Amino acid sequence: MSHPVVIFADYTTQAHRANTADQRQPVGQRMEYADGRKWRYVLIGATVIAFGNLVQGKTLVAGDYTDVLLQAAAAVGDTTVSITASGTSVANFYAKGWMHVNKGTTLGTDSGMNYKVKSHPVFAAATKVITLEPDDPIRVAMDTTNGEVGFTPNPYTGAIVAPITTATNVVIGVSQTRITAAQYGFVQSGGVSCVQSAASHVVGNRLNPILAAAGRAGVPTASLLAEIGLVLSVPTTAGEYGSVLLTID
């Protein structure tokens, strides 16, 4: 099945207000309106997403990022890879995400490659078989002496409100409609948006997730979080909503 790289729609369609139990686009699908707003199609996690909150990818799992050992050689054309799982990820946590080769026989030859994950069992300290998408098989053989991989979940699957205190994944957009837990919809990633905000920033300045409150944007800090946009208006009280020119996408 083929899909457009970008869906071009219009506000009159109200496409950005989608909130469905069934999946109607690939997760991560980009949509644009003629007024400059941009959107990404997401699957929400276990908690409902309300209006105007910063939304991030699901929380990463320690032990799965990198240095996961191969348990069997992987030949060119293989669509399964055997690993020794070191984390505790649930089954299919990385489905629609990626396996990358962080170490191989020759750096920059078999290492540095990304493969699309189709499915996998629960991770544990035992041999587990990762199934890759059939159109993205192993391109360069890997051996057990040197082969190490890591896993990255798709940030548009299982998305959550950006948490207080510590970011646990990247911010992917702002909710502009209520999306029910475990359902599909769009978050805004570019253009003029309404965002829960602090009250200490200045029109024209950059905005970051502030981490002092879940889902809220504010002035940049030394935490080096990615910029999410530029201030267009400032609310009088923290926790109210202001206009932001989003630059996430």
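Reading the values: the criteria
Residues numbered from 1 in each chain as written. Predicted model: local features only at pLDDT ≥ 70, side-chain atom pairs only at ≥ 80, totals over all residues. Heavy atoms only, no water. Helix = DSSP H or I, 4+ residues; strand = E, 2+ residues; numbered from the N terminus. Contact = heavy atoms within 4.5 Å. Phe/Tyr/Trp six-rings, centres within 6.5 Å; stacked < 30°, edge-to-face > 60°. Buried < 20%, exposed > 50% of the residue type's maximum accessible area, 1.4 Å probe, protein only. Lys NZ or Arg CZ within 6 Å of the ring centre and 35° of its normal. Pairing = 2+ DSSP bridges. Core = buried A, V, L, I, M, F, W, Y, C linked by side-chain atoms within 4.5 Å.

Peer 1: Looking at this model, I keep getting lost on the environment of Pro 155. Mind explaining?
Peer 2: Position of Pro 155 relative to the elements: it lies in the loop between strand S10 (148-152) and strand S11 (157-161). In sequence terms Pro 155 and Gln 29 are 126 residues apart; their C-alpha atoms lie 12 Å from each other. Those residues in contact with Pro 155 that lie beyond four places of it in its chain are Gly 57, Trp 98, Val 170 and Ile 172.

Peer 1: For this particular structure, what's the right way to read the packing of aromatic side chains?
Peer 2: Note on aromatic pairs: each is described by the distance of the centres and the angle between the planes. Counted according to the given criterion, the structure contains 7 aromatic pairs. Judged by centre distance (5.5 Å) and plane angle (40 degrees), the rings of Tyr 94 and Phe 151 are tilted. Of this pair, Tyr 94 sits in the loop between strand S6 (80-84) and strand S7 (98-103) while Phe 151 sits in strand S10; the two residues are 57 residues apart in sequence, bridging distant segments of the chain. Here Tyr 94 matches Phe 151 in class, with each residue buried. An aromatic cluster of at least three residues, connected via ring pairs, comprises Phe 93, Tyr 94, Phe 123 and Phe 151. A cation sits over an aromatic face here: Lys 58 above Phe 93, 4.1 Å from the ring centre.

Peer 1: Please explain the sheet that holds strand S5 (residues 68-69) as it appears in this structure.
Peer 2: Strand pairs in the sheet, formed through backbone hydrogen bonds, run parallel or antiparallel to each other. One open sheet holds the 6 strands; their spatial order is S5-S10-S7-S8-S9-S6, and the pairing between them is antiparallel. Of all the strands in the sheet, the pair left with one neighbour each is S5 and S6.

Peer 1: Help me understand the nonpolar core in this model?
Peer 2: Taken as a class, soluble globular proteins show a tendency for nonpolar side chains to be buried jointly. In terms of nonpolar packing, the biggest core is built from 21 residues, with Ile 83, Met 99, Ile 138, Met 142, Val 149 and Phe 151 touching the most fellow members. Broken down by secondary-structure element, the contributors of at least two residues to this core are S6, S7, strand S8 (114-119), strand S9 (127-132) and S10. When near neighbours in sequence (up to four residues on either side) are disregarded, Ile 83 contacts Val 68, Leu 69, Leu 70, Gln 71, Phe 123, Ala 126, Thr 127, Lys 128, Ile 130, Val 149 and Phe 151. Judged by nonpolar contacts, the second largest core, of 18 residues, contains Val 42, Leu 43, Ile 44 and Tyr 184.

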